[in-house]
Structures are given as structure tokens and as C-alpha cells.
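Chain by chain, the residues run as shown.
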Amino acid sequence: MNGRSGGGGGGGAGEGGLGVVAGGEEEMEEDGAGRVQAAGKERVVLMWGYLPGVSPQRSPLLGPVPVRLPLADGCDGWRDVCGGGCGFAMAISESGKLLTWGSADDMGQSYVTAGKHEETPEAFPLPSDVAILRADAGWAHCVAITDEGNVYTWGWKECVPTGRVISDQSSVGTLEKDERQSATATDQVSPRSQVSRTSSGAASGPSESRGTDDSTKRRRLSSAKHAPESSTSSDESLSAPPCVVTFNTGVKIAAVAAGGRHTLALSDLGQVWGWGYGGEGQLGLGSRIRTVSSPHPIPCIESALYSKDRPAAMKGNKTAEAQISKVMGNCVKAIACGGRHSAVVTDSGALLTFGWGLYGQCGQGNTDDVLSPTCVSAILGIKMQDIGAGLWHTVCTSVDGDVYSFGGNQFGQLGTGSDQTETVPKLVDASSLENKNARTVSCGARHSAIITDEGEVFCWGWNKYGQVGISALHLEEKITAAFFFFNFLHMQLGLGDSMDRNVPCSVPVDAYHPLNVSCGWWHTLVLAEPPP
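Keep in mind that what you see is a predicted model, and the values were worked out from it rather than measured. (Residues numbered from 1 in each chain as written. Predicted model: local features only at pLDDT ≥ 70, side-chain atom pairs only at ≥ 80, totals over all residues. Heavy atoms only, no water.)

1. Comments concerning the sheet that holds strand β5 (residues 78-85)
Logical step 1: An order of β5-β6-β7-β8 is seen for the 4 strands of this open sheet, with the pairing classed as antiparallel. Only two strands of the sheet have a single neighbouring strand rather than two, namely β5 and β8 (122-123).
Logical step 2: Pairing between strand β6 (residues 88-93) and strand β7 (residues 98-101): 4 bridges, direction antiparallel. When the sheet's bridge partners are listed, M90 is paired in β7 with T100. (Pairing = 2+ DSSP bridges. Helix = DSSP H or I, 4+ residues; strand = E, 2+ residues; numbered from the N terminus.)

2. Some points on the nonpolar core
Logical step 1: With 22 residues, the main nonpolar core has V272, M328, I335 and V344 as its most contacted residues.
Logical step 2: Elements represented by at least two residues in this core include exactly β14 (253-258), β15 (262-267), α6 (300-305), α7 (318-328), β18 (332-337), β20 (351-355) and β21 (370-375).
Logical step 3: No other element matches the 4 residues that α6 contributes to this core.
Logical step 4: By size, the runner-up hydrophobic cluster in this structure holds 20 residues, among which are A104, Y111, A140 and W521. (Core = buried A, V, L, I, M, F, W, Y, C linked by side-chain atoms within 4.5 Å. Buried < 20%, exposed > 50% of the residue type's maximum accessible area, 1.4 Å probe, protein only.)

3. Observations concerning the environment of K464
Logical step 1: Within the secondary structure, K464 is located in the loop between β28 (457-461) and α8 (478-488).
Logical step 2: Look at K464 and you get buried, because its relative accessible area is 15%.

4. Points about the environment of S59
Logical step 1: Turning to its location among the elements, S59 is positioned in the loop between β3 (41-49) and β4 (61-66).
Logical step 2: Distance in space between the C-alpha atoms of S59 and G49 is 9.0 Å, their sequence separation being 10 residues.

5. Quick look at the packing of aromatic side chains
Logical step 1: Using the criterion set out here, one finds 9 aromatic pairs in the structure.
Logical step 2: With centroids separated by 4.8 Å and ring planes inclined at 70 degrees, the aromatic side chains of W139 and W156 adopt a geometry described as edge-to-face. Placement of W139 in the loop between β9 (132-137) and β10 (141-146) and of W156 in strand β11 (residues 151-156) is noted, with a sequence separation of 17 residues between them. The same class applies to W139 and to W156, which are both buried.
Logical step 3: Members of the aromatic cluster, each reached through a chain of ring pairs, are F247, W273 and W275.
Logical step 4: Over the ring of Y277 we find R261; its NZ or CZ atom is 4.0 Å from the centre of that ring. (Phe/Tyr/Trp six-rings, centres within 6.5 Å; stacked < 30°, edge-to-face > 60°. Lys NZ or Arg CZ within 6 Å of the ring centre and 35° of its normal.)

6. Section: unusual backbone geometry
Logical step 1: Despite not being glycine, K116 has its phi angle at roughly 60 degrees, a positive value.
Logical step 2: Structurally, K116 is set in the loop between α2 (109-113) and β8.
Logical step 3: Accessibility expressed as a relative area gives 36% for K116, which makes it partly exposed.
Logical step 4: Phi at N435 is positive, roughly 65 degrees, even though this residue is not glycine.
Logical step 5: Along the chain, N435 falls in the loop between β25 (422-427) and β26 (438-443).
Logical step 6: We classify N435 as exposed; its relative accessible area is 68%.

7. Section: the pattern of salt bridges
Logical step 1: Within the structure shown, the criterion is met by 7 salt bridges.
Logical step 2: We note a salt bridge from E158 to R261, for which the minimum N-O separation is 3.0 Å. A single burial state applies to E158 and to R261, both of which are buried.
Logical step 3: Among the ionic pairs, D369 bridges to R288, the shortest N-O distance being 2.8 Å. You can see D369 sitting in the loop between β20 and β21 and its partner R288 sitting in the loop between β16 (272-277) and β17 (291-298), a full 81 residues away along the chain.
Logical step 4: Overall, the relative accessible area of 4% leaves D369 in the buried class.
Logical step 5: Note on R288: relative accessible area 39%, which makes it partly exposed. (Salt bridge = Lys/Arg side-chain N within 4 Å of Asp/Glu carboxyl O.)

8. Structural notes on the confidence of the model for the protein
Logical step 1: In this model, the protein carries an average pLDDT of 77, and 69% of its residues clear a pLDDT of 70 or more.
Logical step 2: Segment residues 6-39 is flagged for pLDDT under 50; beyond a separation of four residues in sequence, or across chains, it makes 85 contacts in the model.
Logical step 3: Note that residues 167-231 has pLDDT below 50 and, in this model, 151 contacts with residues that lie over four places away or in other chains. (pLDDT = per-residue confidence, 0-100. Contact = heavy atoms within 4.5 Å.)

9. Describing the side chain of T113
Logical step 1: The residue T113 is located in helix α2 in this model.
Logical step 2: T113 sits in the buried class, given a relative accessible area of 0%.
Logical step 3: Setting aside chain neighbours within four positions, we find T113 in contact with F88, F124, A140, H141, C142, W154, G155, W156 and S239.

10. As for a negative patch on the surface
Logical step 1: Among the surface-exposed residues, D400, D402, D429 and E434 lie close enough to one another that they form a single negatively charged patch.
Logical step 2: Tracing the backbone through its elements, the reader meets E434 in the loop between β25 and β26.
Logical step 3: For E434, a relative accessible area of 54% gives the class exposed. (Patch = residues over 30% accessible without salt bridge, like charges linked within 9 Å, V, L, I, M, F, W, Y side chains within 5 Å. Areas by Shrake-Rupley, 256 points an atom, 1.4 Å probe, with all protein chains shown as cover. Lys, Arg positive; Asp, Glu negative; His and termini not counted. Charge placed at Lys NZ, Arg CZ, Asp CG, Glu CD.)

Written out as C-alpha cells, the structure reads:
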């Protein structure tokens, strides 16, 4: 659910062919598929949490295990991790192949979107001459950028814009004629060249509810869209094949982020584009437009500068406007999509949010929806560097290495030491982060993860499926953790549960040095390399 303008680094395995290797370094050296030589160091992808297709027993991975790199498909190493969607994982090989794994045939739409890849990572069928640099996934749609700045997307039809379609995925490497009318997006413009004066306004899978209050507060998808399908073929009828998203000549996309049903793209000039579902304002276009079928530029800086909600003393005061303009920045450097909200960071470090606000995930001090990009004024002046967004929460890191979070906190996903919702950013002032400098952040559905400059991984939030890494406990908690793991194997009998974490906990990654972290719905991936 994250997108950055810069590159990232943004049940146990069984025998033989499982994609996740349960053994350690010696086993990986023996099969030669888990690690590769890259830039003089061996990179590995570590995974923990729940992916239904990885383990026949559907038990979670409660601590980091290496993911086996497939020998086929010309995969010559790990380049980056992309988290994944609801019940599937994604990563990118050095040769630019997008690898997907972890889904199961009872996952419906997500199974189709993941390419029907189960235990073992396999290359998703895109044209053979395409090299993927970055990718992201929402609930059941994916978006990927090539090394030439082109964008591919596929999955749930509502999330896929009109574009040039790859009609036959079995004959990878050829692009057929347009099957839909080609749509050309608006010319890319400098973020300051157009002024918008719009203002803000007021799965098939494991059970994720907690209490009746949360259940009633959620805005669910329509029953027609959310109901389980009767067969894989019916799921495929709701799924769009990969298509090339059409922009005008000269637009080169540098980062992408996928939300529940919407997508943001960031160009190399710092212009944000959006498409998909926008009923709560998550597309930042100043309205509750339900569906945007082609990429539209989002006036992020302009909306924040010229909102009708700005202080009256600023209106018409050129000096004040110039000062706030400087603080706001000139273009966008990082993007993130939550379930139904969006967040961006500008080149000056300002944080802007828009979309669904029911849990305070827009950080505006209330629970109103925000229809246009609006500055999070509570931390204006604190320079942010990275941003992540979950279903109901948002987490950001500052250039000073601090962590701020806001939004829903039912599972401790804010890391503040409580389950209290925060409608404005709150500093994550945990003892575990003392003298640590947070660098990279990622959010899953209801859990969060960071990497520090000191080379550590911290996770917190919902841990029912091991996505936080339950082994990351303090010494005195390890006996309790073992008890809960034993009970988890009997959870279908209602005998127990694993423990959520409401403060950041260190995840042991052995001697590896983490380069990037990316959270999926119920799992976490880390790209790492050994120390010198």
C-alpha cells in the first residue's frame, strides 16, 4: 500500500517444492535458490505471517523464514519486495520478473489476481521483454512499473482503467490490439501550473472483526462485489487481464500505490495521478465520484494551498501565502494508499491526506471524509520522509528518524501503547525505539513495520496470523508466546489466539541487514543482505 519515488533497499515449510524455506543459511546454500550474489552481497527475501497457499495446514509463519528463489523463469536474484494483496505475496527478481505466490484456489478474486500461484514463487505472465522495477497490490488488483516508466495493472475490473490489453496471457511477450477504447490521460503538468480551489469535505479470508462497534462502523463493499463466487471461472469474469495504462507522451511514472479499490501513480516530475473507486474522496478530486476509469491528475499542492479551510488571515496575504507555499513544497515525492484513503509527502516534507476519515486516518483532528488533498497541520513544519497506510490507519517517518501514526487502533497498529484511536498524528514514543532512527515504513491491513538506520526491523499491530512476527518478544514473554502458538494450531476449535502488539517489537532477522520492508494484508516481507 506504499509507493516511493526512490527504490526500496519500497505454518512452516514442508518438504521439497514449497516456496518458503524453513531451514537456515546452510539449507539455503545447499539448494542454491534462496540467496543470490548481487552487488557483491547475497540478498534474501524473508517472510512471516499468513499466506493460505504456502502451508497445507493453513498455519502461520510466526518468525522470519527465507523464501526460495525459483530456478525457472530466468530469475537471477532478488531485487525488491512489494508486499502483496489479500492472501498473496509479491517480489521482483534482478532480471525484472514480478514473482507472485501464496494464494489458494478458495481465495476467489485474489487467487486469479495472483496468477493462481500457490506455494512456489512464479513469474506473473507479463510480456517477456518487460522489466518490472516496482509494484504494489490492493485487495484484489495489482499495479507495476517497468524500467521505462510504463504502468501495467490487472485484477478486479473496477480497479483497472481503460488501456491496451494483453489479450492472451499464455503467449507472453506479445501485445494484441486494443480490446477497449484507448484512453489518453490529461497532459502531464507541473504541479503548480494548475490551481484547484476545491476543498475538503466533511475477502474471502480469516475473520478480522473485533466487537460489534467495529463491525457496524465499517463501510462494507456492496454484497454483489463482496460475496464469495461459486467458481474460479466466475471470479475470472470479474477480473481484468493485464493492460498498459495509457498516459500522454512524456509522462514517466516513478512510483505506484494500490489501495482497496483505487490506485495512485507518481511521475518523475512529482505529479500524482489516480483512478479507480473514489466514493470517499480517496482520489482527491474534490468530489465523491464513484469510478474514475482513466488516470486523472490530482492537484495535491494546489488543493492544500487554496483550500477554503485555510486561515482567514492568509487569504489575500501574499507574504503569508508565500511562506506557507514554501512549507508546502513544489511537488510530491512519496505516495501511499490505504483501504479508502490516500497520503502523499511533498519535497518539503509536508504530509497531505485525503479520503475516508471515519477512524481519523486522515489526521485532520476529526472523522470527516477529506475530498481534496489537505495538509496535516498538526505536524506541519516536521519534515516527513516516508509514508504508509493500512485499512484504517496511517504511519509516517520523519527525516529525524521519528515515527508518527494516526487513525484506527483496534489492534495496536498505531504502536502508541494503547488501542485508542488518534485523529491527529501522535509520536510513537516507545522505549524500544529509543536512540533508533526510523527510515522506511510499510503498513498491512492492521499492522505496521519499519526499518531503522541501525539495521533493525520493528513490527506492531494485529498479530493473529503472525504478521508481526510473534517471536519478536521480550525474553520474559517467550514462554507466553509458545503457549499461544500451541493454541493457535487449535484455533478452529476456539481454544486460543496469538497476541497483538501495541508497541514496536524488534523482529530477529539473524545476521541479515534489512534493505526494505513491505507488508501485505496478513504477512510481511523483508529484502535483506548479510553484513560485510
